[in-house]
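# Coordinates in review
Residues per chain, in single letters:
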Amino acid sequence: MAISAGRKLVNGSDIMLFSYQSGAYKSIAHGTSHSLSLSADTEDINTKDAGVWGMTEVNKINWEISADHMYTNDGYDTFFTAMTAKQPITVIFGLKADAEISGSPQDVNITTDGNWTTNTTYIYSGNAIITSLDWNADAGSKSTISVALQGQGSIAKGLPSA
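These figures come from a predicted structure and were not determined experimentally.

Spatially, β2-β1-β5-β6-β7-β4-β3 is the arrangement adopted by the seven strands of the open sheet, whose pairing is antiparallel. Of all strands in the sheet, those with a lone pairing partner are β2 (24–27) and β3 (30–44), marking the two edges. Neighbour-to-neighbour, the strand axes of this sheet turn through a mean angle of 40 degrees, independent of strand direction. In terms of strand pairing, strand β6 (residues 118–136) meets strand β7 (residues 144–157) through twelve bridges, oriented antiparallel. Looking at the pairing, S132 lines up with A148 of β7. Of the strands in this sheet, β1 (15–21), β4 (56–70), β5 (89–96), β6 and β7 are in contact with helix α1 (residues 73–85), which crosses β6 at around 80 degrees.

Another aspect to go through is α1. Over its 13 residues, α1 extends 18 Å from the first C-alpha to the last, a length consistent with the 18 Å expected when each residue adds 1.5 Å. Listed in full, the buried residues belonging to α1 are G75, Y76, F79 and A82. The arc enclosing the buried residues of α1, seen along the axis, measures out at 135 degrees, which places them on a common side. The exposed residues of α1 that point more than 90 degrees off its buried face are N73, D74 and T81. For α1, the elements touching its buried residues are β4, β5, β6 and β7. Backbone geometry just after α1 places K86 at a positive phi near 55 degrees.

All right, on to the confidence of the model for the protein then. When pLDDT is averaged across the protein, the result is 84; 85% of the residues are at 70 or more. Mean pLDDT values over the elements of the protein span from 80, in β2, up to 96, in β7. This model gives residues 100–113 a pLDDT under 50, and the stretch forms 24 contacts once residues within four places in sequence are excluded.

Bridge analysis of β3 against β4 gives 14 bridges, and the strand direction is antiparallel. Bridging across to β4, A40 finds its partner in I61. Taken together, the seven bridges between β4 and β7 define a ladder with antiparallel strand orientation. If you follow I65 over to β7, its bridge partner there is L149.

Tracing the sequence through the fold places S125 in strand β6. The exposure class of S125 is buried, given its relative accessible area of 5%. Here S125 is in contact with V91, I92, S154, I155, A156, G158, L159 and P160, once residues within four sequence places are set aside.

On to the packing of aromatic side chains. Summed over the entire model, instances satisfying the criterion amount to four aromatic pairs. When the ring of Y71 is compared with that of Y76, the centres are 6.0 Å apart and the planes differ by 45 degrees; the resulting orientation is tilted. Its relative accessible area of 21% is what places Y71 among the partly exposed residues. Note on Y76: relative accessible area 16%, which makes it buried. When the ring of Y76 is compared with that of F80, the centres are 6.0 Å apart and the planes differ by 25 degrees; the resulting orientation is stacked.

Rules of the game
Residues numbered from 1 in each chain as written. Predicted model: local features only at pLDDT ≥ 70, side-chain atom pairs only at ≥ 80, totals over all residues. Heavy atoms only, no water. Pairing = 2+ DSSP bridges. Helix = DSSP H or I, 4+ residues; strand = E, 2+ residues; numbered from the N terminus. Axes fitted to C-alpha atoms, helices over the stretch in contact; angles between N-to-C directions. Contact = heavy atoms within 4.5 Å. Expected span 1.5 Å × (residues − 1). Buried < 20%, exposed > 50% of the residue type's maximum accessible area, 1.4 Å probe, protein only. Arc of directions from axis to C-beta. pLDDT = per-residue confidence, 0-100. Phe/Tyr/Trp six-rings, centres within 6.5 Å; stacked < 30°, edge-to-face > 60°.

Now the structure itself:
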């Protein structure tokens, strides 16, 4: 099946999780895997008029983010501080700035302090609480962090409103 000319494929390496750091939305730690899931709670609205066909309507939409990262002190501390504060944090999920939507990944030197900033078009933002934080340290391997965030309120396309 051919891909239409108007559709561009996005490389998974170009999708990141961002939080507000030092005056800008920047990537958190060194991500290896991210996922955004939306689900709907439905309510049964069957009536006699529906006949044999069931009817439902959406009454709530929930969202969550799961993310895996390479361990860094500042990356873990960002998640740890947010979780132990028991307060929602503003997160952005989506395309990093300057990424080519055609799918060619860019390289970043993980030994420097620089990190990716967010694109302003292909992103989704909202407030979320951290519901789990795992620090994995296997012998002979680099340490990793796994985090789960549960959305608090809506998630919207674009940057968060002021």
